There are 2 protein chains.
Amino acid sequence: MERRPRETSLRSRGRRGNAEARQRAVLDAALEVFLAKGFAAARLDDIAARAGVAKGTIYLYFRDKEHLFQALLREAVGPVITRVEGLLPSFAGSTGDLLHMIAELMDREILQTRRKDLLRLIIAEGPRFPWLSEFYWREVVSRGLAIIRAVGARAVARGEFASDALERFPQLLPAPMLVAVIWGALFDRFDKLDTRALLDAHVDILVRGLARRDS
Amino acid sequence: MERRPRETSLRSRGRRGNAEARQRAVLDAALEVFLAKGFAAARLDDIAARAGVAKGTIYLYFRDKEHLFQALLREAVGPVITRVEGLLPSFAGSTGDLLHMIAELMDREILQTRRKDLLRLIIAEGPRFPWLSEFYWREVVSRGLAIIRAVGARAVARGEFASDALERFPQLLPAPMLVAVIWGALFDRFDKLDTRALLDAHVDILVRGLARRDS
DNA sequence: ACGCTATGACTGACTGGTCAGTCATTAATA
DNA sequence: TATTAATGACTGACCAGTCAGTCATAGCGT
């Protein structure tokens, strides 16, 4: 019927040795499409089209839709938490400063990037795909909570906090970040939310609420 | 081929005058199936089977899948917030007691019921179904935030709170409830979470963090 | 009282459309 | 020419929504 364009960037050019570039293109395209549609509703035809590749090509590099999504998560999510883990031991300032730094990090590295959408996707699709929540628990959540517990213990040890509530409920620290993620996805068009200010207000309340009476 | 059972509770018995009972059966079945599968993945065939009704019958009572889900939400979600709105004006105690009461209510009426799953469903499906987030914003979120702002203003007026942070960021109060919802759906099998204790710990921190220095 | 017919609630096979994954074919490289 | 990456038409499964037909009941006429 019609001649397909034969010289598109990736298509059919430099056939050997481009395996890596093609895999990259597929992963990038998959990120876009999964974020826009969710895991279940994302269409592999769309991903292929956006990557400038035929659908069959995807199956040369990834077993199936699920493995493609896992590969995506692994490379997007792993590095961040590892960086944060490295940050903590060397920090010398007050717990208040430390928590504000973490809040700033949450805002800059998650809420202001595509990672917030990935986080939302995990929240949305996790319940129906147990491998997803299991992956996220292992790679991120358990490690994140350990960091927060360490911060709480450090604050108590330094005599800054009177309460061990942060060790018992480390979930309290990231709570407003989750609210911000959900807010951005559902209600931002009705009422804008200053996420950075929200996180800082929360940290202030936390520090003041957990602090010893004196000072 | 085979005789369908002719005397099942609803089917073919009391053909006239059972409209209400059938609608109830469909709504109950729809709740179960939507919670189990999510909005997009729920199958009307399943809902019909569970309601003991033919698929076509659903369309006698509801225009389509979307309107069925809306009807469900309306009856499950509306009454609660209305009840809470009625509670506030008559409350005479301290803000701490008021907030603990609200926390208890969140736990008992949402986290301990199916409503938590409905809330999760709205978080999960809202971004891809704007009518959903619009509905929830109008019926619940905007009204809930107004209540919280009123509580914050009352606390400042009574001289209990030094800060107006709760009025500026009312989202901070329900934040741990959302965490609990997400936790229950994704991570409970790895690490149980005492939601009631979490909410109480949060309220304590909030009250202490916002309070005036004296007392 | 009793049969008979009109009504409309209810049914479920069917349609049209969607999409993950396959595989016979094509064509670029060595 | 032989090898193998890449392609995309195709298959089989799925499902929302439709509609021609069924049948329990109401109520009319006798």
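Residues numbered from 1 in each chain as written. Chains lettered and ligands numbered in written order. Predicted model: local features only at pLDDT ≥ 70, side-chain atom pairs only at ≥ 80, totals over all residues. Heavy atoms only, no water.

## Some thoughts on helix H1 (residues 19-37) of chain A
Residue and element names in this part refer to chain A. Taking 1.5 Å per residue, 19 residues should reach 27 Å; H1 reaches 27 Å between its end C-alpha atoms and fits that length. For H1, the full list of buried residues reads Arg-22, Ala-25, Val-26, Leu-27, Ala-29, Ala-30, Val-33, Phe-34 and Leu-35. Residues of H1 that are buried make contact with helix H2 (44-51), helix H3 (55-61), helix H4 (65-87) and helix H6 (115-125). Of the residues flanking the end of H1, it is Gly-38, one or two places downstream, whose phi is positive at about 90 degrees. (Helix = DSSP H or I, 4+ residues; strand = E, 2+ residues; numbered from the N terminus. Expected span 1.5 Å × (residues − 1). Buried < 20%, exposed > 50% of the residue type's maximum accessible area, 1.4 Å probe, protein only. Contact = heavy atoms within 4.5 Å.)

## Considering the UniProt feature "DNA-binding region" (unreviewed entry) in chain A
UniProt tags residues 43-62 of chain A as "DNA-binding region" (unreviewed entry). The span residues 43-62 of chain A is 75% helical and 0% strand by assignment, and the distance between its end C-alpha atoms comes to 15 Å. (UniProt positions renumbered as here; feature names shortened; annotations may be inferred.)

## Re the packing of helix H5 (residues 95-111) of chain B against helix H10 (residues 195-210) of chain B
When two helices pack together, you describe them by how their axes are tilted relative to each other and by the distance separating the axes. Residue and element names in this part refer to chain B. In the contact formed by H5 and H10, the axes pass within 9 Å of each other and the chain directions differ by 155 degrees. Considered as vectors, H5 and H10 are oriented roughly antiparallel to each other. Here the hand of the crossing between H5 and H10 comes out right-handed. Here H5 contributes Gly-96, Leu-99, His-100, Ala-103, Glu-104, Met-106, Asp-107 and Leu-111 to the contact with H10, which in turn contributes Thr-195, Arg-196, Leu-199, Asp-200, Val-203, Asp-204 and Val-207. Classifying every residue of the contact of H5 with H10 gives seven nonpolar, three polar and five charged. (Axes fitted to C-alpha atoms, helices over the stretch in contact; angles between N-to-C directions. Parallel < 35°, antiparallel > 145°, perpendicular 65-115°, else oblique. Left-handed = near helix turned anticlockwise from the far one by under 90°. Nonpolar A, V, L, I, M, F, W, Y, C, P; charged D, E, K, R; others polar.)

## Quick look at the relation of the copies chain B and chain A
Between the two copies, chain B and chain A, the superposition gives an RMSD of 0.2 Å; the rotation angle is 180 degrees and the shift along the axis is 0.0 Å. What we have between these two chains is a two-fold relation. Interface residue correspondence from chain B to chain A reaches 100%, placing this contact among same-surface, isologous pairings. (Least-squares fit on C-alpha atoms with pLDDT ≥ 70 in both.)

## Here we look at the pattern of salt bridges
Counted under the stated rule, the structure contains 40 salt bridges over all chains. For the salt bridge of Glu85(B) with Arg143(B), the shortest nitrogen-to-oxygen distance reads 2.9 Å. You can see Glu85(B) sitting in helix H4 (residues 65-87) and its partner Arg143(B) sitting in helix H7 (residues 130-157), a full 58 residues away along the chain. When its relative accessible area of 23% is taken as the criterion, Arg143(B) is described as partly exposed. Taking the shortest distance from any N to any O, the salt bridge between Glu104(B) and Arg108(B) comes out at 3.0 Å. Of this pair, Glu104(B) and Arg108(B) both sit in helix H5, four residues apart, which is roughly one turn of the helix. The class of Arg108(B) is partly exposed, set by a relative accessible area of 39%. Because the salt bridges share partners, they merge into one network encompassing Arg83(A), Glu104(A), Arg108(A), Glu109(A) and Arg115(A). (Salt bridge = Lys/Arg side-chain N within 4 Å of Asp/Glu carboxyl O.)

## Observations concerning the side chain of Thr195(B)
All names here are of chain B. Topologically, Thr-195 is positioned in helix H10. Polar side-chain contacts of Thr-195 include one of 3.5 Å to the side chain of Gln-112. Not counting residues within four places of it along the chain, the set of residues in contact with Thr-195 comprises Asp-107, Leu-111, Gln-112 and Ala-180. (Polar contact = N/O pair within 3.5 Å; in protein donor to acceptor, adjacent residues only side chain to side chain.)

## So, the interface of chain B and chain A
As a measure of interface size, the accessible area lost when the parts come together is often cited. Residue-level contacts link 47 residues of chain B with 47 residues of chain A. Summing the contributions of chain B and of chain A, the shared interface buries around 4300 Å²; its carbon and sulfur component is 74%. On the chain B side of the contact with chain A, Trp137(B), Ile205(B) and Arg208(B) bury the most area, a combined 16% of that side's loss. Taken together, the connections running from chain B to chain A amount to zero salt bridges. Remark: the boundary between chain B and chain A carries ten residue pairs in polar contact (both at pLDDT 80 or more). (Buried area = accessible area lost by both parts, 1.4 Å probe.)

## Remarks on the environment of Val141(A)
Position of Val141(A) among the secondary structure elements: in helix H7 (residues 130-157). In this structure the C-alpha to C-alpha distance between Val141(A) and Ile81(A), which are 60 residues apart in sequence, comes to 9.2 Å. Every residue in contact with Val141(A), bar those within four places of it in the chain, is listed here: Tyr136(A), Trp183(B) and Phe187(B).

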